[in-house]
Amino acid sequence: MPPNIHEFLWAAYGPIMDAKALCKVLHYPSTTALNTARSRGSLPFSPIKIEHRRGVFALTNEIAQVLERVEQDRTLPSVSDKHHPESIAA
């Protein structure tokens, strides 16, 4: 049975994830890249504001939902979709 994304993220990060955690889980190369995505409006989640705190924060549940959507939308190639050696031009 695959691990539950919600449980894993809650155990690791609690109810709110900071920029470092978001970079790790969503594979942004740096917090600068995360901030750039935020300024462009291209984050796959809605960042939250915490009074008197700077940076990007997100609700852990929302990040788990983002990852679940990615998993659901993912399509794996079937055996019939793979190229056969004889179909490759020499």
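Nothing here was measured: the structure is a model prediction, and the numbers come from that model.

1. Concerning the nonpolar core
Piece 1. Of all hydrophobic cores here, the largest spans 18 residues; its most connected members are Leu22, Leu26, Tyr28, Leu34, Phe45 and Ile63.
Piece 2. For this core, the elements supplying multiple residues, two or more each, are helix H2 (19-26), helix H3 (31-40) and helix H4 (60-73).
Piece 3. For this core, the leading source of residues is H2, giving 6 residues.
Piece 4. Apart from residues no more than four positions distant in its own chain, Leu34 is found in contact with Ala19, Leu22, Cys23, Tyr28, Leu43, Phe45 and Val56.

2. Thoughts on helix H1 (residues 5-13)
Piece 1. Among the residues of H1, the N-terminal cap falls to Asn4, whose side-chain oxygen and the backbone nitrogen of His6 are separated by 2.8 Å.
Piece 2. Just downstream of H1 lies Gly14, where phi reads positive at about 80 degrees.

3. Some remarks on the environment of Thr60
Piece 1. Relative to the assigned elements, Thr60 resides in helix H4.
Piece 2. When its relative accessible area of 0% is taken as the criterion, Thr60 is described as buried.
Piece 3. Those residues in contact with Thr60 that lie beyond four places of it in its chain are Leu9, Trp10, Gly14, Pro15, Ile16 and Met17.
Piece 4. At a separation of 3.4 Å, a polar atom in the side chain of Thr60 contacts the main-chain amide nitrogen of Ile16.

4. Focus on unusual backbone geometry
Piece 1. Phi at His27 takes a positive value of approximately 60 degrees, unusual for a residue other than glycine.
Piece 2. Along the chain, the position of His27 falls in the loop between H2 and H3.
Piece 3. Non-glycine residue His52 carries a positive phi angle of around 65 degrees.
Piece 4. Structurally, the position occupied by His52 is in the loop between H3 and strand S2 (58-59).

5. Points about the pattern of salt bridges
Piece 1. One pass over the structure, following the stated rule, counts 1 salt bridge.
Piece 2. Of the charged contacts, one joins Glu71 and Arg74 as a salt bridge, the two residues approaching to 3.4 Å between their closest N and O atoms.
Piece 3. In this structure Arg74 comes out as partly exposed when scored by relative accessible area, which is 48%.

6. Observations regarding the packing of H2 against H4
Piece 1. As a packed pair, H2 and H4 sit with axes 12 Å apart at the nearest point and diverge in direction by 10 degrees. Classed by the angle they form, the pair H2 and H4 counts as roughly parallel. The chirality of how H2 crosses H4 is right-handed. Listed contacts from H4 to Leu22, Val25 and Leu26 of H2 are Ile63, Val66 and Leu67.
Piece 2. Its residues placed into classes, the contact of H2 with H4 shows 6 nonpolar, no polar and no charged.

7. Thoughts on the packing of H1 against H4
Piece 1. Put simply, H1 and H4 touch, their axes get as near as 9 Å, and they point 140 degrees apart. In terms of orientation, H1 and H4 fall into the oblique class. Handedness of the H1/H4 crossing: right-handed. Listed contacts from H4 to Ile5, His6, Leu9 and Trp10 of H1 are Thr60, Asn61, Ile63, Ala64, Gln65, Leu67 and Glu68.
Piece 2. When its residues are assigned to classes, the contact of H1 with H4 shows 6 nonpolar, 4 polar and 1 charged.

Analysis parameters
In this convention, every chain numbers its residues from 1, walking through the sequence in written order. Where totals are concerned, whole chains, interfaces and linings use all residues; where local detail is concerned, this predicted model gives features only for residues with pLDDT of at least 70, and gives and counts side-chain atom pairs only at 80 or more. Only hydrogens and water are removed before side-chain values are computed, so all heavy atoms of the structure are retained for them. Put simply, buried Ala, Val, Leu, Ile, Met, Phe, Trp, Tyr and Cys residues joined by side-chain atoms within 4.5 Å make one nonpolar core. Three exposure classes are used, based on accessible area relative to the maximum for each residue type with a 1.4 Å probe and protein chains only: buried under 20%, partly exposed in between, and exposed over 50%. Elements are defined by DSSP. Helices are runs of H or I of four residues or more, strands are runs of E of two residues or more, and each kind is numbered from the N terminus. The contact criterion used is simple: two residues touch if any of their non-hydrogen atoms lie within 4.5 Å. In protein, a polar contact requires one atom able to donate a hydrogen and another able to accept it; more generally it is a pair of N or O atoms within 3.5 Å, and residues adjacent in sequence count only if both atoms are side-chain atoms. By definition here, a salt bridge exists when the distance from a side-chain nitrogen of Lys or Arg to a carboxyl oxygen of Asp or Glu is within 4 Å. The axes used here are C-alpha line fits, helices contributing only the stretch in contact, and every angle between their N-to-C directions lies in the interval 0 to 180 degrees. The labels follow the angle: roughly parallel below 35 degrees, roughly antiparallel above 145, roughly perpendicular from 65 to 115, and oblique for the rest. The sense of a crossing depends on the near helix, which, turned anticlockwise from the far helix by less than a right angle, makes the crossing left-handed and, turned clockwise, makes it right-handed. Side-chain classes are defined by residue name, with Ala, Val, Leu, Ile, Met, Phe, Trp, Tyr, Cys and Pro counting as nonpolar, Asp, Glu, Lys and Arg as charged, and the others, Gly among them, as polar.

Take it as geometry only, folks, not as evidence of what the structure does.
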